[in-house]
Protein chains: 2
Amino acid sequence: MAELQVVGKRLQLVDSNEKIMGTAVFGTDIVLPGMLHGKILRSPHAHARILHINTERAKRVPGVRAVVTAADAPPTRFGLSIRDERFFAIDEAHYIGDEVAGVVAGDEDTAEEASRLIEVEYEPLPAIFDPIEAMKPDAPLARRDTAGNVCKHLEITRGDVERGFQDSAVVHEELYSLGHQYQAYIEPIATAAEWTNGRLTLWAPHQAPRTQLKVMCEAFDIPSGAFRLIQTYIGGGFGGKNNMHLCPLVALLAKKAGAPVRVVLTREEDFQASMPSVPMHIRLKMGAGDDGTILAKDVYIIADNGAFTASASGVITVAAMRVDALYRFKNVHVVGDLVYTNKVSTSAFRGFGNTQMHFAVESMMDTLAERLGVDPIEIRLRNATQKGDVTAHGWVIGSCELSEAIRKVVQVSEWKRKRGPGRLKGRGIGIACGMHISGSAAATPDGPGSSAQVRVHEDGSVYVVSSEGDIGQGAKTVFAQIAAEVLGVPYENVHVSQLDTDVSNFGVGAIGSHVTTMGGHGIRAAAVAARGRLIQAASDRWGCGEREVRLIQGKLVNSVSEEAMEIGEAASHYVNMTGGSRLLGEGHFRAEGISAPDKDAYGNVSLGYSYAAHIAEVEIDLETGLISLVRMVAAHDSGQVINPMFAEGQVEGGILQGMGMALSEQCVFKDGRIQNPNFTNYRVPTAMDYPEIEVHFVGKPDPNGPFGAKSIAEVSIVPVAPAIANAVYDAIGVRFTSLPITPQRILEALKAKDREVKGAEAELG
Amino acid sequence: MAELQVVGKRLQLVDSNEKIMGTAVFGTDIVLPGMLHGKILRSPHAHARILHINTERAKRVPGVRAVVTAADAPPTRFGLSIRDERFFAIDEAHYIGDEVAGVVAGDEDTAEEASRLIEVEYEPLPAIFDPIEAMKPDAPLARRDTAGNVCKHLEITRGDVERGFQDSAVVHEELYSLGHQYQAYIEPIATAAEWTNGRLTLWAPHQAPRTQLKVMCEAFDIPSGAFRLIQTYIGGGFGGKNNMHLCPLVALLAKKAGAPVRVVLTREEDFQASMPSVPMHIRLKMGAGDDGTILAKDVYIIADNGAFTASASGVITVAAMRVDALYRFKNVHVVGDLVYTNKVSTSAFRGFGNTQMHFAVESMMDTLAERLGVDPIEIRLRNATQKGDVTAHGWVIGSCELSEAIRKVVQVSEWKRKRGPGRLKGRGIGIACGMHISGSAAATPDGPGSSAQVRVHEDGSVYVVSSEGDIGQGAKTVFAQIAAEVLGVPYENVHVSQLDTDVSNFGVGAIGSHVTTMGGHGIRAAAVAARGRLIQAASDRWGCGEREVRLIQGKLVNSVSEEAMEIGEAASHYVNMTGGSRLLGEGHFRAEGISAPDKDAYGNVSLGYSYAAHIAEVEIDLETGLISLVRMVAAHDSGQVINPMFAEGQVEGGILQGMGMALSEQCVFKDGRIQNPNFTNYRVPTAMDYPEIEVHFVGKPDPNGPFGAKSIAEVSIVPVAPAIANAVYDAIGVRFTSLPITPQRILEALKAKDREVKGAEAELG
């Protein structure tokens, strides 16, 4: 491969200007000609029968254009995995925040005022909030339309787990528990919809076009061609905008009002009715040989689905399996239950279940290392996956620099000096590793891949149209870099469009770390196709064979006559050659060698596997329990990094979000109601909490990624929480098996430990 | 050719629902996130030096975001033919309505209020309004930045005109005069603009994308790739929205305000500052042999350009030449002068100069017939162009049913009975013929043609993206019919997008009757390409050769195994085959055998030539002069008509607009100011004036048009005014050589004739 000119460079965001100047149009900014505003009325009950809804007073409010309830909605059920969603509550509300009615008016205030005049008669029903309780035989049903509260059960076995435990020198078992983490995007969920001749157009800050396509077509019983999604700028998603239940509701409001309608959730609504991470209780049992080789792993997961399933079904599957590609686990057994409760639905969150399970396994690795008297570094290096491995689930590891990442963070963090007995009181250092996929074949069972178009305008500027969108992670920039690299044009001359599914198609979207890797291949293929047409145009102009024309550094060169032509000139000639068609390169990428898992959940699911090792240093005030993440050293194998500046940004963001998960973020429930649905009481890390962060990239080009790239966005959060928990253990000798590790919990743990020590001393005394 | 299934059928408009329900978004409806509103301050002087502009008071109005004058504008000159336009008046205002400044504010009222606070100090300069006066050597300059008032002079000679006149049995000479006809579209001119990263997007009800591209790139000195046009629905154009001077102004306002800006003209502004038809004085001399064969034609045109040129330069050329393809004129000589005056700029109007010259020539044909004692039908049949002719200017007539059209209207109108001496008093019947092109190679000198895309969605619906837009004439419907015909799918399953030049390209637009004919070819080619990909997908699915797959009545059929597949299924398979690319057929059509005229204005310029014959019956109240068009019988050769319902609608519209030209419509000027800039005083025909109209199509499929189609939109107005004038002559024996023929003029003419008759009687007496 020739030396890269644009890929791998620290280039600025193609859309930084719009973002800085405030002209970028986010979901909350959308206005449309004749647009009306909607407001949703939500259930104040966690579980209640709806006896009667009276909308008459609401309808009489001047300016109200429509009041919509389940009675006005199609009778369809829809959903991403399980069809357990419906438009508005039918007969029964399933959680506090469940949508009972919608109002459309000329402005938001009128819609809200009218929504308060809707009279709903409820009969409260027994509610169930704890998934463990919900699994008991005599538990009340969270939804009376299901046979039981377990909505998904899974079991996977590889190798011989019993034998593995028998062969182990140590076996340890522990229960780890993770709660609801809210995605905490800056922009709340917002959607605008319009119907034209039976076709629906949706404007939304949506992460995953194909996901919403499925849901909308099911919901309205319309064919796929009747739905168009125009992606707005997205003020953060982190999995929370993969499947917006608001979309079908707004589309229904628009249909009933006969006009475009927009709804923007308030922050409180967004907390109460979006889909935070899937809480899990993970009972993990692992055994290791004398040398630290992990010989068996047995897991039982109970996951809290909330009221509707959405992606939680996929999340529990990922939690069950993905970590087995981090280490050379051979004997594994996992059972999982996803359980309905009368709480907010849970779904995708950056890491998609991988974060939860990595917290358990990477905590366990330290525990096993301690019991074996092995260094935590040592046990990880011994088990680390290597390039060329085929994992227990059949994943083919095309490249893997996990060991190198571990060695890098150990060296940079001065692990050996800091871990030693001479460390400062209250200071601790901990390591954790993580891995993630680069696009999932499970998301595209019929054909994993991507598509794009690259147009070359008559002035030589390049216009990239992808079926994949940018959710703020810098995808447009990455696409511009790839197109610029292939065509040899200045990066500044490449423009990237917003996603419009009528122009391209429904891409998979920003799920499964798909966009740069799978999506990048489509861009590359489209740029190559555009190059072919430029050469065709130049050869037509020169009257020579196409083989004589080369594209060298953005110029077309006739290798015989040595004439040269700007690409804009060739693009102009192409327009004339074709009677007015702008030069269009179509790119198709069909990933070979990967496929959706088979019925036994076996098969190579992703284009590439990214790895990371993080070392966290924490400082704990032993008097107050206050904890600070002081420093995080991260080493990542993301293959060839397309733009190191953004990749660093992703890692930094992942560390901050993982730090929130570890130390402060959790939705607090009381009787099914979130008690902290705002940024005052739900504490995300701020600039004040920012640790020293060092990011190193240790990857080599992956054989399967575009220009050798692998993913970065999700893997960056995966090791963070366990690295911090391991550092906390190093600092104070307390093993936290649930999160967040708040100062109050630290203080309580220190006091308990103190009592324990004193008790032991007394006993000894 | 197999029998047509969709083409040729009377199908309803694809966008009738949006239009009826009021959801179609026109230029005046556009709203954009963060959009501001602009207002233009205009000169009250026909010609004045601008000594000073003080914008301070305007800038201090709360809510004002920008006040813009020439001082803030790029120094560039721009223009469609002659670069004589600029943003705002620099030092000098050229007509009443000339743009002096622009204001941007949060709402229109504030912008208007602030615009009134701009203080402009003018020094009036001598103004010139009459183009004949303006040509005199001592005439004042209409613009002090030109060397003289003539901005274009043309002269074309074919054959031997002197010899032709010598050989003639009769020679007649006459001066015909035509004034300003306003396009009278329902929607006034409106534009919204936004700049993003140096790229400009314009939303406008614009007829001619490529035309505006040229102007915008010149005006802002930006490359073509930096300009994007999104065409809104268009509330009528008729040539008046071919080149909107408002576009660069609004783009400048948006640039200065740093936000999207929209400007909507008031009706008065639209009258005073848009571009009505080009007024012409036509001195026409024609000679004919005994049998009525026209042997020579000599023309001198003086055309009133107004302040800026725009398309008037093309209009005078068309007026000079096009009629020579109606009849077999061999010896022709024409001289033309296009002259600046201090009046509103003039430009394209349905017929594009052809209307003006047809009025002259078709009036003259009747005069010559009378002088020769030949029936007006006879002289036309004798000279009518025939299929296979190559005209004096080198136009190759692929199909021509003019003679058949004449015979048809003669028969249907009962010409022979009504023209005879037994007719009712005050009733008259007159014939005129007309022809027009089907797209002009002059508009695309580098390569006449068109391009389009046809997508097949996974549900089998078809989505058509053309580089050509719909201006309300039904282009979307025609495109849908063509795509449905090729793919064999139900017409209702075809959707057609609004034009977005970032998705397709800058089409030529609705000028030169281009869209159905040239544009239709692109659609057809794209549908054929989509069909090819459907076959490719089906053969991949079946594992058979592509030759074995046929597309029969919207289904893919394996001719060997006799399996069948819906096209949606093939389209889905294509998506999977390609990793997510929706099936896209790209269509290119490059017209062969036509080209822009050479330096002698010679060459075959169009894909096809449409012909029409109209017979008008008028009734005149001899007491009051009131005139009614009672009946119009029209026969058209537009080749294969794609949708007879809309073609009839076009002809009916053309007849109404031609009737306005003939009987009531004219801008009345006083000292350079239009006295009737509103629909109260500028009288367009209304439903009350609607005559009995009969439309017949007599064409045969043209060898060059898509499915044999030729144009219809413009030719439909061409014969109207002369047919009416000829009927008036038949009714009262008065030859009107200027328009409109108002009751007042009829009454005056009748009185004068009466005096003349009485005088002659007295003389004889």
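Residues numbered from 1 in each chain as written. Chains lettered and ligands numbered in written order. Predicted model: local features only at pLDDT ≥ 70, side-chain atom pairs only at ≥ 80, totals over all residues.

1. Here we look at the sheet that holds strand 24 (residues 609-620) of chain B
All names here are of chain B.
- Pairing within the open sheet is mixed, and its four strands lie in the order 16-24-25-28. Among the strands making up the open sheet, the edge pair consists of strand 16 (427-437) and strand 28 (692-697). When strand polarity is set aside, the average angle formed by the axes of neighbouring strands in this sheet is 15°.
- In this sheet, strand 25 (residues 627-637) lies alongside strand 24 in antiparallel orientation, the contact comprising 10 bridges. Opposite His 614, over in strand 25, you have Ala 634 as the bridge partner. (Pairing = 2+ DSSP bridges. Helix = DSSP H or I, 4+ residues; strand = E, 2+ residues; numbered from the N terminus. Axes fitted to C-alpha atoms, helices over the stretch in contact; angles between N-to-C directions.)

2. Regarding the relation of the copies chain A and chain B
- For the pair chain A and chain B, the superposition axis carries a translation of 0.0 Å, the fit reaches an RMSD of 0.1 Å, and the rotation angle comes to 180°. A rotation of that kind, with that shift, is consistent with a two-fold axis.
- A share of 100% of the interface residues of chain A reappears at the interface of chain B, consistent with the copies meeting face to face through the same patch. (Least-squares fit on C-alpha atoms with pLDDT ≥ 70 in both. Contact = placed C-beta atoms within 7 Å.)

3. Some remarks on the pairing of strand 16 of chain B
All names here are of chain B.
- Extensive coverage of strand 16 is indicated by the burial of 10 of its 11 residues.
- Both strand 16 and strand 24 contribute to a ladder of 11 bridges, which runs antiparallel. Residue pairing in the sheet places His 436 in a bridge with Ser 610 of strand 24. (Buried ≥ 20, exposed ≤ 12 C-beta atoms within 10 Å, placed from the backbone.)

4. What about helix 6 (residues 209-220) of chain A?
Residues and elements named next belong to chain A.
- For helix 6, with 12 residues, the first-to-last C-alpha span of 16 Å sits near the 16 Å given by 1.5 Å per residue.
- In terms of residue burial, helix 6 counts as a mostly covered element, since nine of its 12 residues are buried.
- Tucked inside the fold, the buried residues of helix 6 contact strand 10 (199-204), strand 11 (227-231) and helix 7 (246-257). (Expected span 1.5 Å × (residues − 1).)

5. What about the domain arrangement of chain A?
Residues and elements named next belong to chain A.
- As far as domains go, chain A holds domain 1 (16-23 + 449-590), domain 2 (31-125 + 186-236 + 241-273) and domain 3 (280-441 + 598-752).
- Of note, the centres of domain 2 and domain 3, computed from C-alpha atoms alone, are 36 Å apart.
- If you look at the interface, domain 2 gives 20 residues, while domain 3 gives 19 residues.
- The residue makeup of the side of domain 2 that touches domain 3, split by class, is seven nonpolar, eight polar and five charged. (Domains from an automatic or database assignment. Nonpolar A, V, L, I, M, F, W, Y, C, P; charged D, E, K, R; others polar.)

6. What about the environment of His573(A)?
Residue and element names in this part refer to chain A.
- Tracing the chain through its elements places His 573 in helix 16 (residues 567-577).
- Exposure remark for His 573: the 22 C-beta atoms within 10 Å place this residue in the buried category.
- Taking the C-alpha atoms as reference points, His 573 and Glu 458, separated by 115 residues in sequence, lie 8.4 Å from one another.

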